[in-house]
Structures are given as C-alpha cells and as structure tokens.
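So the chains spell out like this:
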Amino acid sequence: MQNSDLTPAVIGLWAKSGELHGHSLLSHMLDVAAVAEVLLDREPASTRQRLGASLGLDWDKARAWVLLLAACHDLGKACAPFQDKWKRGRDILESAGLRFPPAMDLHINHAWVSQIFVADKLTALGWPKRLGELAADALGAHHGERANPTLLTRMRGDRHVWRDPAWSGARDALFEALLGLFRPGEPPMKVSMDGPGFMLLAGLVSFADWIGSSEAWFPFDGFQIEGDLDAWWRARRAMAERAMDALGWFPRTPLFPMERPFQEVFPFPPRPLQCATAEAVQGVEDPCVLLVEAPMGEGKTEAAFYAHGELQRRLGHRGLYVALPTKATGNAMFSRTLAFLREQGEGRHLDLQLLHGATALNEAYQELRLGGVHDPQSDGSVRAGEWFTHRKRALLSEYGVGTVDQALLPILPVRHHFVRLWGLANRVVVFDEVHAYDTYTGTLLLQLVEWLVALGSSVLLLSATLPPGTRRKLAGMLGGSLPESEAPYPRLTLFQREALRQIPFPADPARRRVVEVHPLPADLGSIQGAVESGMPIEGSALVLVNTVQRAQEFYGLYPAGEAIRRNGVPVGKRLPDGTEVLLFHARFPADLRQVREDHALDRFGSRSLRTGRRILIATQVAEQSLDLDFDFMVSDLAPIDLLLQRAGRLWRHARAGRPLPVPRLLVAGLAGSEPPSFGAPLWWGAVYREDVLLWTWCLLQGCTSLALPDEIDALVSRVYEEEVPVPSFLEDRLEAYRQEAEGERYAHRLQALRNTIGSPGDASWNDPGRYTRADEDEPGIHPALQALTRLGDESLTIIPIRAADGFHPEATPSSVEARAWSLRAMSLGRKGVVAKLKPLGVPEGWKSSPFLRHAFALQLDEDGRWQVDPTVRLDEELGLVFENKEAL
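Everything in this summary refers to the structure shown in the same document. (Residues numbered from 1 in each chain as written. Predicted model: local features only at pLDDT ≥ 70, side-chain atom pairs only at ≥ 80, totals over all residues. Heavy atoms only, no water.)

### As for the sheet that holds strand 15 (residues 569-574)
Here comes step 1: Taken in spatial order, the 9 strands make up an open sheet running 14-15-16-17-13-18-19-12-20, and their pairing is mixed. Every other strand in the sheet has two partners, leaving strand 14 (562-566) and strand 20 (705-708) as the edge strands with one partner each. Geometrically, the sheet is characterised by an average inter-axis angle of 25° between neighbouring strands, direction not taken into account.
Here comes step 2: Pairing between strand 13 (residues 539-544) and strand 18 (residues 632-636): 4 bridges, direction parallel. (Pairing = 2+ DSSP bridges. Helix = DSSP H or I, 4+ residues; strand = E, 2+ residues; numbered from the N terminus. Axes fitted to C-alpha atoms, helices over the stretch in contact; angles between N-to-C directions.)

### Description of a negative patch on the surface
Here comes step 1: Where like charges cluster on the molecular surface, the negative patch consists of Glu731, Asp732, Glu735 and Glu742.
Here comes step 2: Counting through the fold element by element, Glu735 comes out in helix 29 (residues 731-754). (Patch = residues over 30% accessible without salt bridge, like charges linked within 9 Å, V, L, I, M, F, W, Y side chains within 5 Å. Areas by Shrake-Rupley, 256 points an atom, 1.4 Å probe, with all protein chains shown as cover. Salt bridge = Lys/Arg side-chain N within 4 Å of Asp/Glu carboxyl O. Lys, Arg positive; Asp, Glu negative; His and termini not counted. Charge placed at Lys NZ, Arg CZ, Asp CG, Glu CD.)

### Overview of the environment of Glu346
Here comes step 1: Following the sequence through the fold, Glu346 ends up in the loop between helix 17 (327-344) and strand 5 (349-355).
Here comes step 2: The exposed category is assigned to Glu346, whose relative accessible area is 68%.
Here comes step 3: Sequence spacing of Glu346 and Ser381 is 35 residues, and the spatial spacing of their C-alpha atoms is 7.1 Å. (Buried < 20%, exposed > 50% of the residue type's maximum accessible area, 1.4 Å probe, protein only.)

### A closer look at the environment of Val449
Here comes step 1: Position of Val449 among the secondary structure elements: in helix 21 (residues 439-454).
Here comes step 2: Val449 sits in the buried class, given a relative accessible area of 1%.
Here comes step 3: For the pair Val449 and Gln751, spaced 302 residues apart in sequence, the C-alpha separation works out to 18 Å.
Here comes step 4: In this view, Val449 contacts Val289, Phe431, Val459, Leu461, Leu474 and Met477; residues no more than four positions away in its chain are not counted. (Contact = heavy atoms within 4.5 Å.)

### Thoughts on the pairing of strand 4 (residues 320-324)
Here comes step 1: Among the 5 residues that make up strand 4, 5 are buried, leaving the element largely enclosed by the rest of the structure.
Here comes step 2: Bridge count between strand 4 and strand 7 (residues 399-403): 5 bridges; the pairing is parallel. Within strand 7, the residue paired with Leu320 across the bridge is Tyr399.

### What to know about the sheet that holds strand 6 (residues 381-383)
Here comes step 1: An order of 6-5-7-4-8-9-3-10-11 is seen for the 9 strands of this open sheet, with the pairing classed as mixed. Of all the strands in the sheet, just strand 6 and strand 11 (499-504) have a single pairing partner and so form its edges. Taken over all neighbouring pairs, the strand axes of this sheet differ in orientation by 15° on average, direction set aside.
Here comes step 2: Alignment of strand 3 (residues 289-293) against strand 9 (residues 458-463), held across 5 bridges, turns out to be parallel. Bridge pairing in strand 9 links Val289 to Val459.

### Describing the packing of aromatic side chains
Here comes step 1: The full count for this structure, using the stated rule, is 27 aromatic pairs.
Here comes step 2: Geometrically, the ring pair formed by Trp821 and Trp846 is tilted, given 6.1 Å between the ring centres and 45° between the ring planes. Taken together, the positions of Trp821 in helix 30 (residues 815-822) and Trp846 in the loop between helix 31 (831-837) and strand 23 (856-859) put the pair 25 residues apart, joining distant regions of the chain.
Here comes step 3: Among the aromatic side chains, those forming a connected cluster through ring pairs are Phe256, Phe262, Phe266, Phe268, Phe305, Tyr306 and Phe340.
Here comes step 4: When the ring centre of Tyr555 is taken as reference, the NZ or CZ atom of Lys573 above it lies at 4.1 Å. (Phe/Tyr/Trp six-rings, centres within 6.5 Å; stacked < 30°, edge-to-face > 60°. Lys NZ or Arg CZ within 6 Å of the ring centre and 35° of its normal.)

Here you go:
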C-alpha cells in the first residue's frame, strides 16, 4: 500500500504526544506489532505453536492474525474524545476535515473502543463470534483491566464515538491498511478461546505495547511516514530488533544444547535422588509435574537444576523460575542459581532477576544490575537487565528466583496479571519447601500449578515430605489418582497427561542418622537449663521457637556481654565464658535482618569454622532452605512435618570431631502428662493448627529417637491421616480443635478459590466480576480487593524513622534519602499497631517517591519508642519489641 492511499486525516491521527512533536497512531500500531513479532521470533517454537493453537491454527497461518490483533490494540484512539486530548494534534486533524463535537466524554477508555471495533470487524471477516469477542477482549485489556459486558454495552451507545461517519471511516481506513499489510489468510474456525489462550494473547499484547511505547527505542515520527507501508513496516521492525537487543531479550535457546549426563553438569557424582530425577525426565514428551519428596540435604536443588535443563531442551521451555517461601530462602537460592548459570551459560547472555521486597539489600543482585550493560563482543554473561527490574516485568525475564508470593500474583485479580502469567508460561517453575504452606496459600499454589500446566510449563515441587491428602489433591487436579499402595519414601511422583508414575529411590546412606529425642517443659527457664547442661564447651546449638516474642525473651535470659558486631551492626553478644549468643528473626528492619542472616550463614553454614560455643536463637526463618548445620537443637513443639524439617538442621553436613556422640533434639512442650495450652501465653495455636499440634504431641510421647530419613513419611502420614491414638482425657479437647480446624480449612480453601482469577479448566476464568482495578501493593485499598497471597492479620509495610532522620511528613525526601530509608522496610501485622498506624496514612511527602509511596512511617523518639504508642520500641539487639504481651 502506498502512503498516498491514506488520507491526511488517517496519517494525522496520533497515539503519543510531546511538547512539539507527536507520533502517528499508524506508526505506533506497527511498532507494537513489530515488537510482538520479534519477541515471538526469539521465543522457542513451542511458544508460537501454543499461541497459534489458541486460535485453532498452525503458527504459519496464525502469525498474520496475531500481528493484526497486536497492531489493533490502540485502534480505539481513532475517536474524537481521545484525539481531543492534545491541542496540536486536534489542530492537525481539524485542518484535515475531522470534526470535534462540542461536548464529549473525554474519559472514554480507548482500549475498550478498540475491543468493540475489532470484535465487530473480526465477525465481519468470518471469525466465529465468540472467538472474535474473546480475542478482542484480550487486546482491549492492555491497560491492565478487562471491561465488563455492561460497560461495553454502555460504550456502544456513545454517539460521538460510533455515529460520526468521518471518524468511523478513519478507523476503517486504518484497519484496511493493516489488513493489506499483514494479509491474513482464511479466518480461524475455532468456536471459542480457552483461558490459557486468552492469557497468552492478552499478555503478549501488553508486553509488546510496553516496549513499543518507549520513545527511547521508537522515536516519534512527526507524522512523516516515509516510503510505502511495507517499507515503513520493515523500518519499524528493525527498530524492534534493536529494542529487544537493548533490553536483553535474546533468542531463547536451551541451556543444554544437547543431552548431558548429570556428572557433566555438576563436578560430583549424582546421588540416588539425582539419578532418579535424571531417569524420570528422559521419557517426558509433554509438560509435566514432578513432585520430589526427599529428606533434607539429599540434593533436591541440583536435581531441579538438572531437570530444568533437560526439560527445557526436550520440550522447548524457556528458562526457569524458582519460588521459595521467604525472602531469606530466596536470597540463598539466588546465589546458588547465579553460580549454576555462570557455570552452564558460557557463550550466552542470560538475564536473572531476584523477586521480593528487599532486593536492594542483596549485594550479588545489585552487582548484576550495575554490571548489566550488554556487550555484543563478549562471549556471554549473566546480568540483571534494568528493564526487567520493574515489579510487573520481572517474571518476564528468562531466569528468576523469588518468593512464592510473586509466583502467585499471576492468578490473582491484579492489574496486568496476564502479563505475569505470560512470563511463567512455557517455563520450568520450581517450588521449593512446598510443605511450608497453609491451607490458603497451598490452595492458591495448586490453582497456579493447574494454570502453569495449561500454559505449557513444567512444574517441579520439592518437599521433605507431603501429607497423603496433598498428594491426592494434586493427582486429582491433574486428572490422575494415587495408587492404593504408594511407592516407599523417598520418591518421585511424575504427573503427565492423566498418567501418574511413582519412582522410589534409596536415601543417600551418608545422610542417614538417628536423632536422640528428649522431652522438655515449655517454659524458657527449662530450655535455658537444658542448653547449659547439654551443650559442650565446643559446639553449635539452635534454639528454634515459634514466636518472635518468645525468641526475644529467651535472648534476654542471657546476661549482657560484649556486643558482637558485623559491619557495625549488633548481631549478638559474647558471654564472659566466651559463648556467642545470636538472635535471628523477622522483626528487624530489612537492612539489619540481612546482616544477621549473612552472619548466621557464616557462623553455622556448611563452610563455617567450628570453634568455641555458639547458640543461635531463631524463629521459623532458620527452618527452611538456609544451609545451616548444628550439633544440638531445642525446638518448640510444632507440626510433625515442620519438626522433622527442623531436625534436618542437625548434623546436616559430614564433619569430623562433633562435640556429641549423636545428634540431639529437645522438644519444648513435650514433657509432662498432658500438652501445654496452645493459647496464651505461648500463642502456638495462632501459628499452627492446634489439632495437628495435639496429634504430634501424642505421637511423640515416649519417643526417644527418630531415624532420619527412614521414619519421616510414616510419621507425617500418621499425624495427617489422623492415625495417632489419643488418650481419652484429651478426646474432648481434640474434637474441639478438629471442628475449628475443619471449619477454618474449608473457609480458607473457599476464600483462596474466590480470590483467584478462576480455573483454566472451566469458564470461571471468564467472570469479569472476579477482577479488580487495584494494584497488588496499593495502600489503603479495602481488604476485600487486596491481592492476598497469604492469609493472616492485615499487615503494613513500615519504615522506622529515627529522631535524627530529619523527617517531615509533608517533605519529599531526596532519592538518596528515600532509598536509604526504604532499606529499613519491615512488614508489620500486629493488630493494635496497624489500627493506630493506618489512620495516619502514607506521609504526604512519600507519595511521589517510588521507594516509599507504599510505606507507613513509624516515628521513633530518642529512646527508639514509637511516638504514638511508647510500648512499641525498636531495640538494636532485639528488633521491634511489643511490651504489651496480650498478643503475639
């Protein structure tokens, strides 16, 4: 098509405006289509095939239709209400003969005008009506939200948009120009579009629009379209190639170009688990779910890395995302993933992102960001591209490590959730420590797994062990069923297209150990006495308690001593006898917590030098994924699976010269003729299900040892299948716990399902009533509209502000100051504090800061006490302290 075929009015329609120049709507639509094509060209063939299948076509026939749809995303800007927003643009169009009515709805959503127009055009071109409507809906959602049918009906009645023949003619001319350029063939005959297809198309259009809207990569054309339309398309496509190079979106080729045995990937012989994993993935021909149940320290992470490489090569997956329960476990996994990619990615440019709320504190990640400039002459590197660091874009990166919360957001009704889903589609997604999630988050996780498989991803679930009920739910969701007699533990369970196979393997003989078990009363004095009498002069002990308040109180039982500092930050104290006592929990400002985490890994990690006597007092932050190793442990009573997980920190690594003949576990709350109250003052029932705590207490009565890993599966099954005998005097108490737990589980499961975007297997995903317009971290939105990845009391992000900070609520801090304050961020869920803090709101001066606009200021006086409530104070040794002990 020659430019002369387009009228001045059509060429003068604008999409982007500046002070002096504008960017034509036609160019912008071609920019986005060009990005979509380059993006897809650099994807594995499986991505293109799956996108074509969403229209019922092979990719070679679907390509032109997909590019047409991507281009048409902003066709709705060709209407008087939108074109009136820029005076110079309006003047150009008026001189070309287009009329602007005196009274218009200037707030009309142009994306939904695109949706209505494209749906009608596709039907006219022979598309099945429902398929055309859903395809148009996918491109109409590119600003992050879908239109409900009532709103679309109301928009169809806007006479200033639809009843002016001049404006309708301009839209028709643009559409005909695009048809002539892309020349799509016969229309698809598929009746409708399923949920995964919709999400892929919607995600692609938004993703391409974000890139195609950047003036840095697509300079404004000033309405000067040079050459014929085919030549102009080629020019825009060349710009798209350069843009994708600049942001680091290179061809998605397998990390392992050819089949590689395990021992060529890692510099050590495979353990039994790793051999079984390598064998399991060899026969895989379709996206699968692999559940790995194995004891701590068996090499699950390396098995997952290897499986990812093989599945990527065999099935055309693009990259990897590893999801962990906490920021701390995410940090540890990030270091391991970075080392793996650097070792295996020679000759390639790889992008690796860390996804959680405290990435600014991770030095390795920040170094990747600072060194992330692409050098085409270099032979390959791992970087963290700046473009992907935005919270909505990070999941688009080829490789990522982060919290499970980030992985769950794609199935929650937040803006642009479908872009996040696009990022996880056709990936290998690994969920570590899956036993750590409660009913609510566990239900979300199962729903996410269902979406991932439908989107062509393979999923690896790693766990020390899972209750049989969870395995049954997983099997049922994927169209299979567990065998009556399951394979013995440890085992792999492979789910593939309604087929299920279990593969047992022997535990590593070097990991087998018998742990002595000793009961203790629950009071802190008894715990301290047991530590003092049971810990030798040389050795490392862990005291793991269930609440932060209890950790702080136990730390306070030890006398003051010489402060132990790291980088100037106090992390513990050295007692007169030389014993080091360290405290680690989640209620420290993020920067101080990171220092304590690093110190714990140095002092108790696999490579730490074992000299002297050291005691780590910690909460659940030391329970998962962190590679910590102890000689002696005291743990509060916890559900049996978590108690066994904690026991896995005993003698985790082979060491000569242990100070004790056997690993020793003391369980606080296990001693006595009946279990302690799980309410006040312990508050364990606020953390864990009380029925599971009671069954665990009954199970361990008289237990003097645990054979790990041999007994793990049987013990977990007995508790969660309710096969533990309960003394008659506890039956009423258990029944009350059971009824409460059953009701709570049912309510939490229902709430989780209500809070998602629906299921890919039915029509629930297509219910506009499920969607909100709120961003996931917008402060002050009603709890009913919040994107909840975990249940619990409402929490706020707070920034402790000290008296010397020079804080003024109305003043906007400098970027340096704002960033420094943001590094202190904490999540706070204490009901009384939240109730007093919320009415104060986000400080006015913080609302324009990208670092602080979602945080609340906790203003402290000279003594570190909160000015609103002095019973709340920040102590440099203890963390945030609540002196009111009426709750956790």
